[in-house]
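Examination of the molecular architecture
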Amino acid sequence: MVDQFVGTWTLTASENFDDYMKAIGVGLANRQMGNLAKPNLVISVDEAGLISMKSETTFKTTQFKFKLNEECDETTADGRTTKTLVTVKDGKLVQRQAWDGKTTTLERELQDGKMTAKCVIDDVVAVRTYVKKT
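First things first, this report covers the structure right here in the doc. (Residues numbered from 1 in each chain as written. Predicted model: local features only at pLDDT ≥ 70, side-chain atom pairs only at ≥ 80, totals over all residues. Heavy atoms only, no water.)

1. Quick look at the pattern of salt bridges
Condition: Every case where a carboxyl oxygen of Asp or Glu lies within 4 Å of a side-chain nitrogen of Lys or Arg is listed as a salt bridge. Secondary structure elements are defined from DSSP: runs of H or I of at least 4 residues count as helices, runs of E of at least 2 residues count as strands, and each element is numbered from the N terminus.
Applying the stated criterion across every chain, the model contains six salt bridges. Note that D18 and R31 form a salt bridge whose closest N and O atoms lie 3.1 Å from each other. Of this pair, D18 sits in helix α1 (residues 17-24) while R31 sits in helix α2 (residues 28-36), and the two are 13 residues apart along the sequence.

Here it is, written out as structure tokens:
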């Protein structure tokens, strides 16, 4: 189900990400680092079906492991502790994070050999584009 997402992806474009980070409650210093970072996103699946998404930057490396359709706890790169559910819908990898009465959705989709990550909270939408390295 997620095999097409497996690999190492490098961020090449980011639109409206500062406004998105502000909307989810990220402070100024962390937003500045987040805007400068050009992460590699490494997606892998082990034999048991456990999916790993590892974000690697010069500032910080974070990793989130999960099974599809099973809610779990996630500690995000900006330090939020969320209840997270990842599903596949219409070929998209959909990650829903809920914390402190807020909810955000990250939809990862493959188009023309690129992966887009649409980050949505309320009426704020950011789009990050990645190209596959391996």
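Moving on, there is more to tell.
2. Examining the packing of α1 against α2
The angle between the axes and the distance between the axes are what describe a pair of packed helices. In plain terms, the rule: Helix axes use the C-alpha atoms of the stretch in contact, all axes being lines fitted to C-alpha atoms, and the angles between their N-to-C directions lie in the range 0 to 180 degrees. We call a crossing left-handed when the near helix sits turned anticlockwise from the far one by less than a right angle, and right-handed when that turn is clockwise. Contacts are residue-level and defined by heavy atoms, with any inter-residue pair within 4.5 Å sufficient. Amino acids outside the nonpolar list (Ala, Val, Leu, Ile, Met, Phe, Trp, Tyr, Cys, Pro) and the charged list (Asp, Glu, Lys, Arg) are all regarded as polar, and Gly is one of them.
It is at 10 Å that the axes of α1 and α2 come closest, and there the two elements cross at 145 degrees. In the crossing of α1 with α2, the sense of the turn from one axis to the other is right-handed. Along the contact surface, α1 presents F17, D18, M21 and K22, while α2 presents R31, G34 and N35. Within the contact of α1 with α2, the residues separate by chemical class into two nonpolar, two polar and three charged.

3. Focus: the side chain of T82
Going by this rule: Residue burial is assigned from relative accessible area. The probe radius is 1.4 Å, only protein chains are included, and a residue is buried under 20% of its type maximum, exposed over 50%, and partly exposed in between. Identification of polar contacts relies on pairs of N or O atoms within 3.5 Å, with a donor-acceptor requirement for protein atoms, meaning one able to donate a hydrogen and the other able to accept it, and with residues adjacent in sequence counted only if both atoms are side-chain atoms.
The residue T82 is located in strand β6 (residues 81-89) in this model. The class for T82 is buried, based on a relative accessible area of 1%. Within the structure, T82 has its side chain in polar contact with the side chain of T84 (distance 2.7 Å). Apart from residues lying up to four places away in sequence, T82 is in contact with C72, D73, E74, T76, Q97, A98 and W99.

4. Examining the nonpolar core
Heads up, the condition is: The criterion is simple. A nonpolar core is a set of buried Ala, Val, Leu, Ile, Met, Phe, Trp, Tyr and Cys residues joined through side-chain atoms within 4.5 Å.
In terms of nonpolar packing, the biggest core is built from 17 residues, with L41, I43, F66, L68, M115 and Y130 touching the most fellow members. The set of elements that each furnish at least two residues to this core consists of β1 (7-15), β2 (40-45), β3 (51-56), β4 (61-66) and β9 (114-121). In this structure, L41 is in contact with G7, T8, W9, M53, K54, S55, R108, M115 and Y130, ignoring residues within four places of it in sequence. Judged by nonpolar contacts, the second largest core, of eleven residues, contains V26, W99, C119 and A126.

5. Focus: the pairing of β6
Operational definition: A pair of strands is considered paired only if DSSP assigns at least 2 bridges between the two.
Two strands pair when backbone bridges link them, and strand β5 (residues 72-75) and β6 are joined in this way by four bridges, in the antiparallel orientation. The residue bridging T75 from the neighbouring strand is T81, located in β6. What sits between the antiparallel neighbours β5 and β6 is a turn of five residues, in which G79 has the positive phi angle 95 degrees. Taken together, the seven bridges between β6 and strand β7 (residues 92-99) define a ladder with antiparallel strand orientation. From the neighbouring strand, L85 faces β7, where its bridge partner is R96. Here β6 folds back onto β7 in antiparallel fashion, the turn holding two residues, of which D90 has a positive phi close to 50 degrees.

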